[in-house]
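# Secondary and tertiary structure notes
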Amino acid sequence: MKGQRTPSRQTFIVSNYFFLSALSLLCILPLVHVLAVSLSSSAAATAGQVNLWPVDFTLKSYRFVASNPAFLEAFFVTLQRVGLGIAVNMLLVLLTAYPLSKETKSFRARTWMVWLFVFTMLFNGGLIPTYMTIKYTHLLDSIWALVIPGAVPVFSVILLINFFRGLPKELEEASFIDGAGHWKALWSIYAPLSLPALATIALLTIVGHWNSWFDGLIYMNSRHNYPLSSYLQTIIIQRDLSNVTLQEMKELSDVSDRTMKAAQIFLGALPILVLYPFLQKYFVKGIVLGSVKE
């Protein structure tokens, strides 16, 4: 009968649920462990007694992080970077995708310009030329060195081009008949109707800027200008404690290096964890509707 599940279909569904649940646990459990370590005493964390539940619960690590000026400075730099990055990226992606979504008869240079953008996804000038460009444009040690090099993400442009091409052309034609131009059509028709795609691009932009750490190490000469991910990389991976003051070293004896790092890792990931559920429905819809069309 129609709608009745066969044994093979039922087996597939159960296996699929099991696989996805196991995959979800693999993603969640490490973060739960980090949270448990950050909330445990230094002795328990150092002895390796902490698994998925705090041992000798304490908030000393979070109090230390909240009073750590280096962490707060890096957090503020990251907020600046995300704010400027999402504004610049969204504006340039919209202005780039709109003309490239037109038919060749309307924009003759469309095809080769699209391939020019795709070419940049496959090839780039390399680290040294990029660094020299940032240096000679006097962007070193400034927030713009973290924003401008990635101002036009080509993947987001392609996503929005395909989304625009899927919208009814009659809407634009009707607006032109009413006297609107391309600028009016973009901001009054295309942008409002592209909320799922724009939310997807916004999420990709926020996560990209929040997690990026390498450019901060390359383009910033002062630790005061490090974004959060670069700061965490120096203290966790490189184990560079040269930025820690004598007072902070004394406080570290109470919280331990491991619990302090766990607290900073969790606080660094928390904003994205809070933001993602609100944009997830738009993310899925935007990826599907903005997929490649024939």
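In what follows, the accompanying structure is described. Not measured: the values here are computed from a predicted model.

### Quick look at the environment of Leu59
Tracing the backbone shows Leu59 in the loop between helix H2 (42-46) and helix H3 (60-66). Here the alpha-carbon distance between Leu59 and Ser40, two residues 19 residues apart in the chain, equals 7.9 Å.

### Description of the packing of aromatic side chains
This structure, assessed with the given rule, holds ten aromatic pairs. Taking the centre distance of 5.1 Å and the plane angle of 80° together, the rings of Phe164 and Tyr190 count as edge-to-face. One end of the pair, Phe164, is in helix H8 (residues 154-165); the other, Tyr190, is in helix H10 (residues 182-193), and 26 residues separate them in sequence. What links up through ring pairs into an aromatic cluster is the set Phe71, Phe75, Trp210 and Tyr231.

### Considerations on the pattern of salt bridges
For the structure shown, the criterion picks out three salt bridges. Across the salt bridge formed by Lys102 and Glu172, the nearest N and O atoms sit 2.2 Å from each other. Residue Lys102 is found in the loop between helix H4 (69-100) and helix H5 (110-122), and its partner Glu172 is found in helix H9 (residues 169-177); the two are separated by 70 residues along the sequence. The same class applies to Lys102 and to Glu172, which are both buried. Lys169 serves as the salt-bridge partner of Glu103, at 3.8 Å between the closest nitrogen and oxygen. Of this pair, Glu103 sits in the loop between H4 and H5 while Lys169 sits in helix H9; the two residues are 66 residues apart in sequence, bridging distant segments of the chain. Assessed through its relative accessible area of 44%, Lys169 is described here as partly exposed.

### Describing unusual backbone geometry
In the Ramachandran plot, Asp56 falls in the positive-phi region, its phi being about 55° despite a non-glycine side chain. The residue Asp56 is located in the loop between H2 and H3 in this model. On the accessibility criterion, Asp56 (52% relative accessible area) is exposed. For His138, which is not glycine, the phi dihedral falls at a positive 60°. With respect to the helices and strands, His138 occurs in the loop between helix H6 (127-136) and helix H7 (144-147).

The rules behind the values
- Every residue gets a number counted from 1 within its own chain, in the order that chain's sequence is written.
- Per-residue local features are limited, in this predicted model, to residues with pLDDT of at least 70; the limit for side-chain atom pairs, both in listing and counting, is 80 or more; totals at the level of whole chains, interfaces and linings are taken over all residues.
- With hydrogens and water set aside, each side-chain value is computed from the structure's full complement of heavy atoms.
- A helix here means a DSSP run of H or I that spans at least four residues, while a strand means a run of E at least two residues long, and both kinds are numbered starting from the N terminus.
- Aromatic contacts are taken between Phe, Tyr and Trp rings whose centres are within 6.5 Å, Trp giving its six-membered ring; a plane angle under 30 degrees counts as stacked, one over 60 as edge-to-face, and the others as tilted.
- Take a side-chain nitrogen of Lys or Arg and a carboxyl oxygen of Asp or Glu: if they are within 4 Å of each other, that pair is a salt bridge.
- Classification of residues uses two cut-offs on accessible area relative to the type maximum, computed with a 1.4 Å probe and protein chains only: under 20% is buried, over 50% is exposed, and between them is partly exposed.

Worth remembering: the numbers are spatial, not functional.
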